[in-house]
Amino acid sequence: MSFATAALGRDVEIPTLDGRANLKIPAGTQTGKVFRLRGKGVRNVRSHATGDLYCHASVETPVNLNKRQKELLEELEASLREGSARHNPREQSWVEKLKTFLG
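This one's a predicted model, so the numbers in the text were calculated from it and none came from an experiment.

Colleague: When you look at the pairing of strand β2 (residues 19-25) in this model, what are you seeing that I'm missing?
Modeller: Consecutive residues of a regular strand have side chains that alternate between opposite faces of the sheet. Direction of pairing for strand β1 (residues 10-16) relative to β2: antiparallel, over a ladder of 7 bridges. Pairing of Val-12 across the sheet is with Leu-23, part of β2. Between β1 and β2, which follow one another and run antiparallel, lie 2 residues.

Take a look at the structure:
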């Protein structure tokens, strides 16, 4: 999925064994997130029950950016640094690091 889709969230259409299905991507989705679509997988031969389909999120990093696109990304990065909110899901505050160390 695109960087914008992962950051902003939106509905995407994905292929399944029975055709296409809509999947709601939540805002802030990270690479490696697994989505489960119940009843969209392979049928069991013995019980004829339909299994689940698991979709692994993979966020594409844009390449070959033009000058304007680079400027926009640099503005985004600068605005993220200015804010007090945490934007990196792997980043920990010193309190979280202390809890990890003690726990």
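Colleague: Hey, could you run me through the pattern of salt bridges in this one?
Modeller: Close approach of charged atoms lets side chains of opposite charge pair. Scanning all chains against the criterion turns up 3 salt bridges. Measuring nitrogen to oxygen at the nearest pair gives 2.6 Å for the salt bridge that ties Asp-52 to Arg-36. In this pair, Asp-52 is assigned in the loop between β3 (34-37) and β4 (53-56) and Arg-36 in strand β3, connecting sequence segments 16 residues apart. In this structure Arg-36 comes out as partly exposed when scored by relative accessible area, which is 43%. Arg-68 is the salt-bridge partner of Glu-71, the closest N and O atoms lying 3.9 Å from each other. Of this pair, Glu-71 and Arg-68 both sit in helix α2 (residues 67-82), 3 residues apart, which is roughly one turn of that helix.

Colleague: What is the right way to look at the packing of aromatic side chains in this model?
Modeller: Any aromatic ring pair is given by two values, namely how distant the centres are and how the planes are angled relative to each other. As enumerated under the stated definition, the model contains 0 aromatic pairs in all. Stacked on the ring of Phe-35, the Lys or Arg Lys-33 has its end atom at 5.6 Å from the ring centre.

Colleague: Quick question: what am I supposed to make of the confidence of the model for the protein here?
Modeller: Reading fine detail from the predicted coordinates is not recommended where pLDDT is low. Residues of the protein with pLDDT of at least 70 account for 86%, and the chain-wide mean is 86. Mean pLDDT in the protein bottoms out at helix α3 (residues 94-102), which sits at 71, and peaks at β3, which reaches 95.

Colleague: Teacher, can you tell me more about unusual backbone geometry here?
Modeller: Glycine aside, residues mostly have negative phi angles, and peptide bonds mostly take the trans form. Positioned with a positive phi, His-48 is a non-glycine residue whose angle comes to about 60 degrees. Of note in this structure, Asn-64 is not a glycine but carries a positive phi near 55 degrees. Along the chain, Asn-64 turns up in the loop between β4 and α2.

Colleague: I tried to follow the nonpolar core on my own but got confused; where do I start?
Modeller: Across soluble globular proteins, you tend to see nonpolar side chains buried next to one another. Ile-14, Ala-21, Leu-23, Ile-25, Phe-35, Leu-37, Cys-55 and Ala-57 together form the largest nonpolar core, which totals 8 residues. Elements supplying a minimum of two residues to this core: β2 and β3. Ranked by residues supplied to this core, first place goes to β2 with 3 residues. Setting aside anything within four residues of it in sequence, one finds Ile-14 in contact with Gly-19, Arg-20, Ala-21, Leu-23, Leu-37 and Cys-55.

Colleague: Explain α2 here, please?
Modeller: It helps to recall that an α-helix has 3.6 residues per turn; residues three or four apart then point in one direction. Here α2 is 16 residues long and its end C-alpha atoms lie 23 Å apart, about the 22 Å a rise of 1.5 Å per residue gives. N-capping of α2 is provided by Asn-66, with a side-chain oxygen placed 3.1 Å from the backbone N of Arg-68.

Rules used throughout
Numbering of residues begins from 1 in every chain and follows the order in which that chain's sequence is written. The model is predicted, so local features are restricted to residues of pLDDT at least 70 and side-chain atom pairs to those at 80 or more, both for listing and for counting; the totals for chains, interfaces and linings are taken over all residues. Water and hydrogen atoms were dropped before computing side-chain values, which therefore reflect all heavy atoms in the structure. DSSP-based pairing: two strands are paired if at least 2 bridges between them are found. Secondary structure elements are taken from DSSP: a helix is a run of H or I of four residues or more, a strand is a run of E of two residues or more, and numbering for both begins at the N terminus. Any Lys or Arg side-chain nitrogen located within 4 Å of an Asp or Glu carboxyl oxygen qualifies as a salt bridge. Whether a residue is buried, partly exposed or exposed follows from its accessible area with a 1.4 Å probe, protein chains only, as a fraction of its type maximum: under 20%, in between, or over 50%, in that order. We call Phe, Tyr and Trp rings a pair once their centres come within 6.5 Å, taking the six-membered ring for Trp, and we label the pair stacked below 30 degrees between planes, edge-to-face above 60, and tilted otherwise. In this scheme, Lys NZ or Arg CZ marks a charge over a ring once it lies within 6 Å of the ring centre and within 35 degrees of the ring normal. A score between 0 and 100, pLDDT records how confident the predictor is in each residue. Only buried Ala, Val, Leu, Ile, Met, Phe, Trp, Tyr and Cys residues count toward a nonpolar core, and they belong to the same one when joined by side-chain atoms within 4.5 Å. Two residues form a contact once any of their heavy atoms are found within 4.5 Å. A helix's residues, less one, multiplied by 1.5 Å, set its expected span. Polar contact criterion, stated in full: a pair of N or O atoms within 3.5 Å, where within protein one must be able to donate a hydrogen and the other to accept it, and residues adjacent in sequence count only if both atoms are side-chain atoms.

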